[in-house]
Amino acid sequence: MSSPSSKPHPTKTLFHRNGITVTATVLTTNKNAPNENDDDNDSPVILTLHMHRHHEKNVINPTMIELLRQALDTIESCYDGHHCKSLIVTGLSPPSSTNNDPDVKQQQQQHQKQSVDKFFSNGLDLQWFTNASSSSPPLMIEQFCSQILARLLTFPMRTVAALNGHTIGAGLFIALCCDYRIMRSERGYIQWPESKLGMRLTKGFAELSKAKIDSNVVLREGVLGAKRYTPEEAVSAGIVDDAVDVGELYERAFECAVEGLPENLGLDYFDPEKFRAVKVELYTDAYRALRFGKVEDLPHSRI
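Residues numbered from 1 in each chain as written. Predicted model: local features only at pLDDT ≥ 70, side-chain atom pairs only at ≥ 80, totals over all residues. Heavy atoms only, no water.

Q: Go over unusual backbone geometry, please, and point to the residues and values.
A: One non-glycine residue, Asn18, adopts positive backbone phi at about 50 degrees. Residue placement: Asn18 occurs in the loop between β1 (11–17) and β2 (20–26). Look at Lys57: it is not a glycine, yet its phi comes out positive at around 60 degrees. With respect to the element layout, Lys57 can be found in the loop between β3 (45–51) and α1 (62–77). (Helix = DSSP H or I, 4+ residues; strand = E, 2+ residues; numbered from the N terminus.)

Q: Outline empty space enclosed by the protein, listing residues and values.
A: Applying the stated rule across the entire model yields two cavities of 30 Å³ or more. One number sums up the size of the largest cavity: a volume of about 70 Å³. Forming the walls of the largest cavity are Ile141, Glu142, Cys145, Thr202, Lys203, Gly204, Ala289, Leu290, Gly293, Lys294 and Val295. For the lining of the largest cavity, the secondary structure elements donating two or more residues are α4 (136–153), α7 (203–212) and α13 (284–292). The greatest single-element share of the lining of the largest cavity, amounting to three residues, is contributed by α4. Considering only residue class, the lining of the largest cavity consists of five nonpolar, three polar and three charged. Lining the second largest cavity, in full, are Leu49, Leu68, Leu72, Val89, Ile148, Leu152 and Ile174. Of all the secondary-structure elements, those providing two or more residues to the lining of the second largest cavity are α1 and α4. Of the residues in the lining of the second largest cavity, the class split is seven nonpolar, no polar and no charged. (1 Å grid on protein atoms, 1.4 Å probe; cavity = no way out; pocket = protein on both sides within 12 Å on 5 of 7 lines; lining within 4 Å. Points joined across faces, edges and corners; volume = space filled by probe spheres on them. Nonpolar A, V, L, I, M, F, W, Y, C, P; charged D, E, K, R; others polar.)

Q: Tell me about the packing of aromatic side chains, and name the residues and values.
A: Tallying each qualifying case throughout the model produces seven aromatic pairs. Each ring, one from Phe144 and one from Phe205, has its centre 6.4 Å from the other, and the planes form 65 degrees; the classification is edge-to-face. With Phe144 in helix α4 and Phe205 in helix α7, the pair connects residues that are 61 residues apart, well separated along the chain. Taken individually, Phe144 and Phe205 each receive the classification buried, so the pair is uniform in this respect. On the numbers, 6.0 Å between centres and 50 degrees between planes, the contact of Tyr250 with Phe254 is tilted. With Tyr250 and Phe254 both in helix α10 (residues 246–259), this residue pair falls four residues apart, about one helical turn. Clustering of aromatic rings is evident, with ring pairs tying together Phe144, Phe173 and Phe205. Over the aromatic face of Tyr283 sits the side chain of Lys212, whose NZ or CZ is 4.8 Å from the ring centroid. Across from the ring centre of Tyr189, 4.0 Å away, lies the NZ or CZ of Arg228, which sits over that ring. (Phe/Tyr/Trp six-rings, centres within 6.5 Å; stacked < 30°, edge-to-face > 60°. Buried < 20%, exposed > 50% of the residue type's maximum accessible area, 1.4 Å probe, protein only. Lys NZ or Arg CZ within 6 Å of the ring centre and 35° of its normal.)

Q: Any chance you could break down the confidence of the model for the protein chain for me, citing the residues and the numbers?
A: Averaged over every residue, the pLDDT of the protein chain is 89; residues scoring 70 or more account for 86%. Predicted confidence is poor over residues 1–7, with pLDDT under 50, and the contacts of this stretch with residues over four places away or in other chains come to twelve contacts. Low pLDDT, under 50, characterises residues 36–40; the stretch is placed with seven contacts to residues that sit more than four places away or in other chains. (pLDDT = per-residue confidence, 0-100. Contact = heavy atoms within 4.5 Å.)

Q: Tell me what's going on with the sheet that holds strand β4 (residues 85–90), and back it up with residues and numbers.
A: The mixed open sheet is built from seven strands, whose spatial order is β1-β2-β3-β4-β6-β8-β10. On the outer flanks of this sheet lie β1 and β10 (242–244), each paired with one strand and no other. Averaged over all pairs of adjacent strands, the angle between strand axes in this sheet comes to 20 degrees, irrespective of strand direction. One ladder, built from six bridges, connects β1 with β2; its direction is antiparallel. Directly across from Lys12, in β2, lies its bridge partner Ala24. (Pairing = 2+ DSSP bridges. Axes fitted to C-alpha atoms, helices over the stretch in contact; angles between N-to-C directions.)

Put into structure tokens, the structure is as follows:
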């Protein structure tokens, strides 16, 4: 298959609110220019969830959780009955133009290199925690786990995280919920900061980490030692699948999303709900801990 960016694929905005945007790119297969009815046919669709609340470094707080919930609702409900879809989650701001002219795209990539957003997510909003009443933070974490992470972990399509910068704590857990992770190569860190901050992981975060990280060495140095991983180290540790130049980050994530479309995997009888169920079966402990766990659960409690 040729590079998906080599053809003029129409992109439209499905959701845009307070720094969260969802776009849909329809992969047209004909040689003619796309028309307004392309989204009504069976063409594959690549959906992108852009987190660009960069004035807050994409931290997780009640506002962010509600916006992400609404965005996921939009993604699951769009193209209803359409099974050939993949999702990209990124901290890159949505493009201001969908112009497919090569010269224009080259200029946009150069601009992106110079002004790229530096945070995928900086984790939990510690300032909000400081000012909140004592009962609010546990409830907020439980909502984040049950409404966002458990849902994203078992999303009924391929999911790809495009990590444009620092991916810390709760931001890392969003990335771990995705099937694939591709990181910006020249800067940015990945970190479990809980030990450094004197915090517990909680059952949900712990089970998710164990489900997606298969190396005891990485869990030891990453979780217990709060190591900051460079992009190169994150690839070597198996935390991310690839690291590329920031100008190529979205394109590489897009390619990975296209590769994971059911028709490209030869999944002739693909069923989204059965696909969701398979993910629950693969990540049962993580899913149950995220979906039903409570912050007050003891560390040694059963899931």
